[in-house]
2 protein chains.
Amino acid sequence: MSDEDVVSLAEGSGGADMTELIDSFKFTNRGRWGNWDNDAATVNIGASKRLLFTTDSYVVTPVFFPGGDIGRIAACGTINDLAVMGAEPLGLSVALVLEEGYPKRDLMRIISSIDKVSVACGVPVVTGDTKVMERGKVDGIVINTAGVGLASAKSLLGRKPKVGDKVILSGGLGEHAVALLSRRFDFECDIVSDGKPILKEMRAVRGRIKLAKDVTRGGLAATTNEVCKKYGIGMLLDESRIPVKEGVRKAAELLGIDPYELACEGRFMCVAEHRNAKKVEGALRRFNREAAVIGEVTSGGDVIVQTFLGKRMMPQPRGRIVPRIC
Amino acid sequence: MSDEDVVSLAEGSGGADMTELIDSFKFTNRGRWGNWDNDAATVNIGASKRLLFTTDSYVVTPVFFPGGDIGRIAACGTINDLAVMGAEPLGLSVALVLEEGYPKRDLMRIISSIDKVSVACGVPVVTGDTKVMERGKVDGIVINTAGVGLASAKSLLGRKPKVGDKVILSGGLGEHAVALLSRRFDFECDIVSDGKPILKEMRAVRGRIKLAKDVTRGGLAATTNEVCKKYGIGMLLDESRIPVKEGVRKAAELLGIDPYELACEGRFMCVAEHRNAKKVEGALRRFNREAAVIGEVTSGGDVIVQTFLGKRMMPQPRGRIVPRIC
C-alpha cells in the first residue's frame, strides 16, 4: 500500500493532516447538535439550557513526566474542553485500555491523579470502562475521558470576532510538550508541564470574552489558524508579547521544533472586544503572570506574526509535529 | 513483580476479577450523580429530566467478523447501554486510537459501520478525537464511544425486583462471541454476530419492565449475578428455556467455554412483574422469535439453573473468560 493508503503519525498530531483525515469521515447524521467542529458539541435541552459533550483519548509517552502524568492530563483535557466553551462541567467518564502486565502501582497513581483533578474542580468521575489487551498489543496504558457540561444560551462561547478585537493568551507556551520531551529524550531542563484545569480562569473571564480555545496539539499555530479558518478572520500577533519561557525556547531549538507548534495542557487563547481586553488580561494575570494580550483580529485570512525583523506567516502546522504528546 | 502486582487479562474480561480491580479505583467525588455502578450514570437536570452518560472502549480482534465489525459494535454498545436504562440516546462520541500504517480502506469501512448504526437509530455522532500511535505500539485500532441520553424520572429503569418477578431474555446467547472466535481461530461455523442496536426492543417493553441489562462481557452469568448482587435477590433459571443456538453450543464445547459466559452485543435480560411477563415476551418475539421468559426472581442470593439433571449454581465468571471480545 502507498503512503496515502495508510494512517500516518502526522494524522494524529493536531495539524492540517489530521484535519484532512477527520474531514474524510462521513458522519451523515448530526441531528440537532451544533459545534461538532468545536472543543465540545452542544445541544439545546430546554429553552435556555445547553448540554455540552466532548471526548479525548490520551496516548502520552512517557506516562509520568515533570509536573504530571497521563491521568492528570486526561482529566484536565476534557474539563478544559468544556470550560473553554463557557460551560460548567457536570461529569467525566474514564475508560482505560491496559496492557497485560501493567504495574498496578502505576495504575493506582494515575487513578489518583484523575481523582485529585476531579475533586479540585468539583467535577465527578461518574462512569467508566476497563479493557485489557495482551502483552505487546498496546503500549502500557491508553485513557479516554469524555465529559458533559451545562451552559446557558447566554454563557455559551463562540461568537464571531470582529476586526480590532484582541487576542489574549493565558500563560506561557509549550511547557507541557517540553517537560514531556525532556523525559522522553532524557535531556536536562527545568520546565514542568503546564497541565492543569483552567476552569477557574475561564470562570473569571468568560463573561468578557467572545470565544476561547485551549492550546493543545499543534500549539498556538494550530489554535489560531483553526479559529481564523472557522470565522473567516485573520490575526496579527506581536512576537515580543507572546510568552515563551527561556527553557522552552532552548529546548525547542535543541529539538528543531517551532515553539508555537508545541502543545500545552493548561493554556488557552481567547478573543475579547478591545474595551474588555485589559480587564481580561488583568484577571488572567492573577492566575499566571505571563498572561498577555498578544495581538488582534484582522480582516486577512492568515495568522501573521510581527517579529523584530518583520512580518511572517504562522501557518497551520503540517507533518509529524510531535507524536503522543497528549 | 508478582502476578497480583500487575494487570491480568482476566481483569478486562467482565467477570469477578474485573469488578475487584474497578472496586480498587478510589474515585472519591461522585457529586449529584447516581447509577455510577450501572450501564449509564444518571443526574437530574430539571425537575423530571434525567441526563444519562456512559462510555466503553472496544479492543475486539479480529476487527471484521461474520455479522459486523468493531465500528458496529462500538456504536451499538453505547447506544444499548443508554437504551437498557430506559433512555433515549441523544448523541455519541467516537474517539479513535490508530496504529501508524493502519489501512485507510479498513478505517473508512469502520467509520461507515458507525455511521450506519447512527443513522438507523437516529443517534448522531457529535464529537470525536483521533490519535495515532507508532507502528507496533497498538494493535491496529481501538475505539472509544461515549454516549449521552435523556430519560424522564418515570421512564428511568432500575427498580428493585421482588420475588416472583420474571426474568426475560431478548434472544439467543453467545452469537457475537462465537462469530468473532470462529474468525479468530478459523473454525467453520454458521453463527453471525448478534451485534445490533436494541433501542426499538427497549422502546417496545420499557413501560412494562423494572430493569434491563445488556448481556455483554461475561455473558448471562455475569449479567444475572451483577443484578442479583446489586439488589440482594436470587434467580432461578430454567435451562430448557434459555435460548442457545446449536451452532453456539457446539462452538462453546469445542472452545471449552460455558455458553452462559459468552458475550452478546445485541441481547438484553430484563425483569418484569409476573403479570407483565408474557406481554414483554410477546413484544420481544416480534424482534427475535427466540426471546423467552427464562426464569424468576427468588429470595436467595444466587443464580441457580434448573437443568435436566437437577439444580446447579451459575456463579459470577472468574478468570480469563475470552479476551478482546468487545
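Residues numbered from 1 in each chain as written. Chains lettered and ligands numbered in written order. Predicted model: local features only at pLDDT ≥ 70, side-chain atom pairs only at ≥ 80, totals over all residues. Heavy atoms only, no water.

1. Regarding the overall build of chain A
Here is step 1 of the chain: Scanning chain A from terminus to terminus reveals eight helices and 14 strands.
Here is step 2 of the chain: On C-alpha atoms alone, chain A measures out to a radius of gyration of 19 Å, which is about the 20 Å that the 2.2 N^0.38 rule sets for 326 residues.
Here is step 3 of the chain: Relative to its full complement of 326 residues, chain A shows a buried share of 64%.
Here is step 4 of the chain: Of the contacts made within chain A by residues no fewer than 6 positions apart, 82% connect residues no fewer than 24 positions apart.
Here is step 5 of the chain: Accessible surface, chain A as shown: approximately 12,200 Å² in total, 49% of it carbon and sulfur.
Here is step 6 of the chain: When the 46 basic and 41 acidic side-chain charges of chain A are each reduced to a single mean position, those positions are 8 Å apart. (Helix = DSSP H or I, 4+ residues; strand = E, 2+ residues; numbered from the N terminus. Rg over C-alpha atoms; globule rule 2.2 N^0.38 Å. Buried < 20%, exposed > 50% of the residue type's maximum accessible area, 1.4 Å probe, protein only. Contact = heavy atoms within 4.5 Å. Areas by Shrake-Rupley, 256 points an atom, 1.4 Å probe, with all protein chains shown as cover. Lys, Arg positive; Asp, Glu negative; His and termini not counted. Charge placed at Lys NZ, Arg CZ, Asp CG, Glu CD.)

2. Quick notes on helix H8 (residues 274-285) of chain B
All names here are of chain B.
Here is step 1 of the chain: For H8, built from twelve residues, the straight-helix expectation of 16 Å at 1.5 Å per residue is met to within 8% by its first-to-last C-alpha distance of 17 Å.
Here is step 2 of the chain: Those residues of H8 that sit buried are Asn276, Ala277, Val280, Glu281, Ala283 and Leu284. Along the axis of H8, the buried residues cluster in a sector spanning 165°; they form a single face. In H8, those exposed residues whose orientation departs by more than 90 degrees from the buried face are Arg275 and Lys278.
Here is step 3 of the chain: Tucked inside the fold, the buried residues of H8 contact strand E8 (166-169), helix H5 (199-205), strand E11 (268-272) and strand E12 (292-298). (Expected span 1.5 Å × (residues − 1). Arc of directions from axis to C-beta.)

3. Section: the packing of aromatic side chains
All names here are of chain A.
Here is step 1 of the chain: Summed over the entire model, instances satisfying the criterion amount to three aromatic pairs over all chains.
Here is step 2 of the chain: Summarising the aromatic geometry, the rings of Trp33 and Phe53 are spaced 6.2 Å apart at their centres and angled 50° between planes, so their arrangement reads as tilted. One end of the pair, Trp33, is in the loop between helix H1 (16-23) and strand E1 (41-44); the other, Phe53, is in strand E2 (residues 49-58), with 20 residues separating them in the sequence.
Here is step 3 of the chain: You can call Trp33 buried: its relative accessible area is 6%.
Here is step 4 of the chain: Over the ring of Trp36 we find Arg30; its NZ or CZ atom is 3.8 Å from the centre of that ring. (Phe/Tyr/Trp six-rings, centres within 6.5 Å; stacked < 30°, edge-to-face > 60°. Lys NZ or Arg CZ within 6 Å of the ring centre and 35° of its normal.)

4. Considering the packing of helix H2 (residues 70-83) of chain A against helix H3 (residues 104-121) of chain A
All names here are of chain A.
Here is step 1 of the chain: Direction vectors running N to C along H2 and H3 enclose 35°, while the axes themselves pass 7 Å from each other. As for the relative orientation of H2 and H3, their crossing is right-handed in sense. Mapping the contact onto sequence places Ile70, Gly71, Arg72, Ala75, Cys76 and Ile79 in H2 and Ile110, Ser113, Ile114, Val117 and Cys121 in H3.
Here is step 2 of the chain: Residues that form the contact of H2 with H3 fall into these classes: eight nonpolar, two polar and one charged. (Axes fitted to C-alpha atoms, helices over the stretch in contact; angles between N-to-C directions. Left-handed = near helix turned anticlockwise from the far one by under 90°. Nonpolar A, V, L, I, M, F, W, Y, C, P; charged D, E, K, R; others polar.)

5. What to know about the domain arrangement of chain A
All names here are of chain A.
Here is step 1 of the chain: Segmenting chain A into domains produces domain 1 (28-152) and domain 2 (166-313).
Here is step 2 of the chain: Taken over C-alpha atoms, the centre of domain 1 sits 22 Å from the centre of domain 2.
Here is step 3 of the chain: Counting residues at the interface gives 28 residues for domain 1, matched by 25 residues for domain 2.
Here is step 4 of the chain: Buried area between domain 1 and domain 2, summed over both chains or domains, comes out near 2,100 Å², and the portion from carbon and sulfur atoms is 55%.
Here is step 5 of the chain: Contact with domain 2 buries area across many residues of domain 1, yet Pro66, Asn80 and Val84 alone supply 26% of it, more than any other trio.
Here is step 6 of the chain: The tally of links between domain 1 and domain 2 comes to four salt bridges.
Here is step 7 of the chain: Between Lys230 and Asp37 there is a salt bridge, with the nearest N and O atoms lying 3.3 Å from each other.
Here is step 8 of the chain: Summed over the shared surface of domain 1 and domain 2, the result is ten residue pairs in polar contact (both at pLDDT 80 or more). (Domains from an automatic or database assignment. Buried area = accessible area lost by both parts, 1.4 Å probe. Salt bridge = Lys/Arg side-chain N within 4 Å of Asp/Glu carboxyl O. Polar contact = N/O pair within 3.5 Å; in protein donor to acceptor, adjacent residues only side chain to side chain.)

6. Comments concerning the sheet that holds strand E13 (residues 303-307) of chain B
Residues and elements named next belong to chain B.
Here is step 1 of the chain: Taken together, seven strands build an open sheet; the order of strands is E9-E11-E8-E12-E10-E13-E14 and the sheet is mixed. Where the open sheet ends on each side, the last strands, each with one partner, are strand E9 (211-214) and strand E14 (310-313). Across this sheet, the average inter-strand angle for adjacent strands is 25°, counted without regard to direction.
Here is step 2 of the chain: Examined bridge by bridge, E13 and E14 share four bridges and lie antiparallel to one another. (Pairing = 2+ DSSP bridges.)

7. Brief notes about the pattern of salt bridges
Here is step 1 of the chain: Scanning all chains against the criterion turns up 51 salt bridges over all chains.
Here is step 2 of the chain: A salt bridge links Lys245(A) to Glu175(A); its shortest N-O distance comes to 3.3 Å. Of this pair, Lys245(A) sits in the loop between strand E10 (234-238) and helix H7 (246-255) while Glu175(A) sits in helix H4 (residues 175-184); the two residues are 70 residues apart in sequence, bridging distant segments of the chain.
Here is step 3 of the chain: Exposure remark for Lys245(A): the relative accessible area of 32% places this residue in the partly exposed category.
Here is step 4 of the chain: Across the salt bridge formed by Glu226(A) and Lys213(A), the nearest N and O atoms sit 3.6 Å from each other. With Glu226(A) in helix H6 (residues 219-231) and Lys213(A) in strand E9 (residues 211-214), this pair connects stretches of sequence that are 13 residues apart.
Here is step 5 of the chain: Among the residues examined, Lys213(A) registers a relative accessible area of 10% and is labelled buried.
Here is step 6 of the chain: A single network of salt bridges, built from pairs that share partners, joins Asp56(A), Arg217(A), Asp129(B) and Lys131(B).

8. Quick notes on the interface of chain B and chain A
Here is step 1 of the chain: Tallying the contact residues gives 83 residues for chain B and 84 residues for chain A.
Here is step 2 of the chain: For the pair chain B and chain A, the two sides together bury roughly 6,800 Å², of which 66% comes from carbon and sulfur.
Here is step 3 of the chain: Counting the contacts that link chain B with chain A gives eight salt bridges.
Here is step 4 of the chain: The partner of Asp129(A) in a salt bridge is Arg217(B), and the shortest N-O contact between them spans 2.9 Å.
Here is step 5 of the chain: At the junction of chain B with chain A, the criterion picks out 28 residue pairs in polar contact (both at pLDDT 80 or more).
Here is step 6 of the chain: Per-class residue counts for the side of chain B that touches chain A are 42 nonpolar, 21 polar and 20 charged.

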